[in-house]
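Residues per chain, in single letters:
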Amino acid sequence: MEIPEFYLYIAFGLPTWTLVDGTWAVLSQLADTLPEGYNISAYLILSLTLGNIFPLVIGFMLRKTSFSYLAQVINVILATGLVTGVLMGAVWNRVVTIGDSEVSLPIFLLFFIVGGCSSSSNVTHFTYVSKSEAQNTTALATGMGLGSMTAGILALFQGLLLHQYGFSVTIFYIVLAMLYVPALFAFAKLQSAHRQEFIEESSSSNPISTEFMTDVSSRDLEATDFENMPVDTEMKLKNFDGQYSESSFLRLHGGILALQLVNSSLGYGFVPALISSACGKFNNASLVLLLATGITAVLDPMFKFLTNYTRFETFGALKVASCVLVCLTIGLILCAALPGDLSLYRGSGGALPVALYVSFGALFGFTNTSVFRYFKSTVSPRFVHHSYRWSGICSQAGALLGSLIAFLIVVTGAL
């Protein structure tokens, strides 16, 4: 029986961020066990930041390579993620003595590798799905969210229901690593389904070319205001004659790519690094952090899946969403930066960072997926993979920027 591609793409996306988001979900256990304490999030973010170098390199490599080569890269990413996840379960609590200090070097190195796999997937996986129907973009994003949700549910289940037996981080990581198995199977099925396309592509003279051409003329680009243009109106521009280079694409869609860079600097970099500090001053800090990260992981795929039915349709709406994300980030900064003797930090005050973080995560997942669907609807179908590639590059460039800023703020004691 043939499995519909929609479900294959969900399975394909499952493990993408599960080990990264799973690490945030068990951050309280790591902080209580490892010598870095609640500053460990900054060091993990630094490892993740360094891993963001890989997607930037891969993104520019894909300008001249074929989809069959892209498939090989994806298989390497999936296999590496599986092995690294199992190793994380085996050595997560090991430390190395450097001078007079103990450092959790094994988990940092493995998090660097798995972070490189996850962040590279934002470029490779979305470039691959760009060949397919628009609903499969939502399926891939939903699968990524479901993987994170699995991590959140497992963390909540172990932390709240099995606390009397002890929280096993080892079992946690190994279970999450096993999500790579159905992903490898699903991707093998997808490759089989598209094998004929790969054969035709390899025999043609136009792999993923550096020349980016659409059906929009330069004159039409200059005369059009895309600020609040609905997608169905913007799609009519595809009927114009003419062509433009990749630089014209960046000129046309530079605004939305800039928004994605800013959003990703917050959602993939700054806010995950900030959340442990934002929750650390409240009563029952470990529970507050577990609830914030766990609930966010559960809601994330739901809001991504919503983009299959409704999404931000204009550049203006995406700008408003970005402003809201900035405001929620400021709220989390205040939770971390206000004096520690405030009554806010006692009693049920811990609900504030939970609410802020959950709201941020839901809106960020919805907005980020809307951007990909926006490009799917507005860019010429022949070259939509370029827009997905640039979107992935901007996402990870933003993650790199946000992670560096967060690391410097935390280690300097600014928060």
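Please read these numbers as outputs of a predicted model, since none were measured by experiment.

Visitor: Mind showing me how you'd approach the overall build of the protein here?
Guide: From N to C terminus, the protein includes 18 helices and two strands. The 415 residues of the protein split such that 57% are buried. On the protein, roughly 16,600 Å² of surface is accessible, and the fraction owed to carbon and sulfur atoms is 65%.

Visitor: Please explain the nonpolar core as it appears in this structure.
Guide: Nonpolar side chains in soluble globular proteins generally cluster together in the buried interior. Ranked by size, the top nonpolar core spans 104 residues in total, and within it Phe12, Leu30, Tyr128, Phe172, Tyr173 and Phe375 carry the most contacts. It is helix H14 (residues 246-280) that contributes the most residues to this core, 13 residues altogether. Those residues within four positions of Phe12 in sequence are excluded, and the remaining contacts are Ile74, Leu78, His125, Leu140, Ala183, Ala186, Phe187 and Leu190.

Visitor: I would appreciate a short explanation of the packing of aromatic side chains in the present structure.
Guide: In this description, an aromatic ring pair is defined by two values, namely the gap between the centres and the angle between the planes. For the structure shown, the criterion picks out 18 aromatic pairs. Seen in terms of ring centroids, Tyr128 and Phe187 are 5.1 Å apart; in terms of plane orientation they differ by 65 degrees. Their pairing is edge-to-face. Here Tyr128 is found in helix H7 (residues 105-129), whereas its partner Phe187 is found in helix H10 (residues 180-193), with 59 residues between them in sequence. Pair check on accessibility: Tyr128 and Phe187 agree, each one buried.

Visitor: Hey, could you run me through a nonpolar patch on the surface in this one?
Guide: On the surface, Leu50, Ile53, Val57, Met61 and Tyr69 cluster together to form a nonpolar patch covering roughly 420 Å² of accessible area. Examining the composition of the nonpolar patch, we find that three residues originate from one element, helix H5 (residues 53-61), more than from any other. A relative accessible area of 32% places Tyr69 in the partly exposed class.

Visitor: Honestly, empty space enclosed by the protein in this entry has me stumped. Any pointers?
Guide: Here the structure, examined in full by the defined rule, presents two cavities of 30 Å³ or more. By volume, the largest cavity is sized at about 470 Å³. Lining the largest cavity are 32 residues, with Asp21, Gly267, Tyr268, Asp300 and Phe364 positioned closest to its centre. Breaking the lining of the largest cavity down by element, the ones donating at least two residues are helix H2 (18-25), H7, helix H8 (134-161), H14, helix H15 (285-305) and helix H17 (351-378). No other element matches the eight residues that H17 contributes to the lining of the largest cavity. When its residues are assigned to classes, the lining of the largest cavity shows 17 nonpolar, 12 polar and three charged.

Visitor: Just checking my understanding: could you explain the pattern of salt bridges for this structure?
Guide: Between side chains of opposite charge, a pair can form when the charged atoms approach closely. According to the stated counting rule, one finds one salt bridge in the structure shown. For Asp300, the salt bridge identified is with Lys304, shortest N-O distance 3.1 Å. Of this pair, Asp300 and Lys304 both sit in helix H15, four residues apart, roughly one helical turn. Here Asp300 matches Lys304 in class, with each residue buried.

Visitor: Would you take a moment to explain the side chain of Thr369 for this structure?
Guide: Looking at where Thr369 falls in the secondary structure, it is placed in helix H17. At 2.9 Å, the side chain of Thr369 and the backbone oxygen of Gly365 are in polar contact. If we ignore the near neighbours within four places in the chain, the residues touching Thr369 are Ala141, Lys304 and Thr307.

Visitor: I keep staring at the packing of helix H4 (residues 40-51) against H7 and nothing clicks. Help me out?
Guide: If you want to describe how two helices pack, look at the angle between their axes and the distance between the axes. Interaxial distance between H4 and H7 falls to 7 Å at its minimum, and their mutual angle equals 50 degrees. As summarised for this structure, H4 and H7 are arranged oblique, according to the angle between their axes. The hand of the H4/H7 crossing is right-handed. Of the residues in H7, those touching H4 at Ile40, Tyr43, Leu44, Ser47, Leu48, Leu50 and Gly51 are Phe108, Phe111, Phe112, Gly115, Gly116 and Ser119. Its residues assigned to classes, the contact of H4 with H7 comprises eight nonpolar, five polar and no charged.

Visitor: Please clarify how the side chain of Asn263 should be interpreted in this entry.
Guide: Of note, Asn263 is situated in helix H14. The contact partners of Asn263, leaving out residues within four places of it in the chain, are Ser322, Leu325, Phe364 and Thr367.

Visitor: Honestly, the packing of H2 against H4 in this entry has me stumped. Any pointers?
Guide: Relative to each other, H2 and H4 sit at 170 degrees, their axes nearing to 11 Å. The pairing of H2 with H4 is recorded here as roughly antiparallel in orientation. Residues Val20, Thr23 and Trp24 of H2 touch H4, and the partners they reach there are Ser41, Leu44, Ile45 and Leu48. The residue inventory of the contact of H2 with H4, partitioned by class, reads five nonpolar, two polar and no charged.

Rules used in this analysis
- Residues numbered from 1 in each chain as written.
- Predicted model: local features only at pLDDT ≥ 70, side-chain atom pairs only at ≥ 80, totals over all residues.
- Heavy atoms only, no water.
- Helix = DSSP H or I, 4+ residues; strand = E, 2+ residues; numbered from the N terminus.
- Buried < 20%, exposed > 50% of the residue type's maximum accessible area, 1.4 Å probe, protein only.
- Areas by Shrake-Rupley, 256 points an atom, 1.4 Å probe, with all protein chains shown as cover.
- Core = buried A, V, L, I, M, F, W, Y, C linked by side-chain atoms within 4.5 Å.
- Contact = heavy atoms within 4.5 Å.
- Phe/Tyr/Trp six-rings, centres within 6.5 Å; stacked < 30°, edge-to-face > 60°.
- Patch = residues over 30% accessible without salt bridge, like charges linked within 9 Å, V, L, I, M, F, W, Y side chains within 5 Å.
- Salt bridge = Lys/Arg side-chain N within 4 Å of Asp/Glu carboxyl O.
- 1 Å grid on protein atoms, 1.4 Å probe; cavity = no way out; pocket = protein on both sides within 12 Å on 5 of 7 lines; lining within 4 Å.
- Points joined across faces, edges and corners; volume = space filled by probe spheres on them.
- Nonpolar A, V, L, I, M, F, W, Y, C, P; charged D, E, K, R; others polar.
- Polar contact = N/O pair within 3.5 Å; in protein donor to acceptor, adjacent residues only side chain to side chain.
- Axes fitted to C-alpha atoms, helices over the stretch in contact; angles between N-to-C directions.
- Parallel < 35°, antiparallel > 145°, perpendicular 65-115°, else oblique.
- Left-handed = near helix turned anticlockwise from the far one by under 90°.

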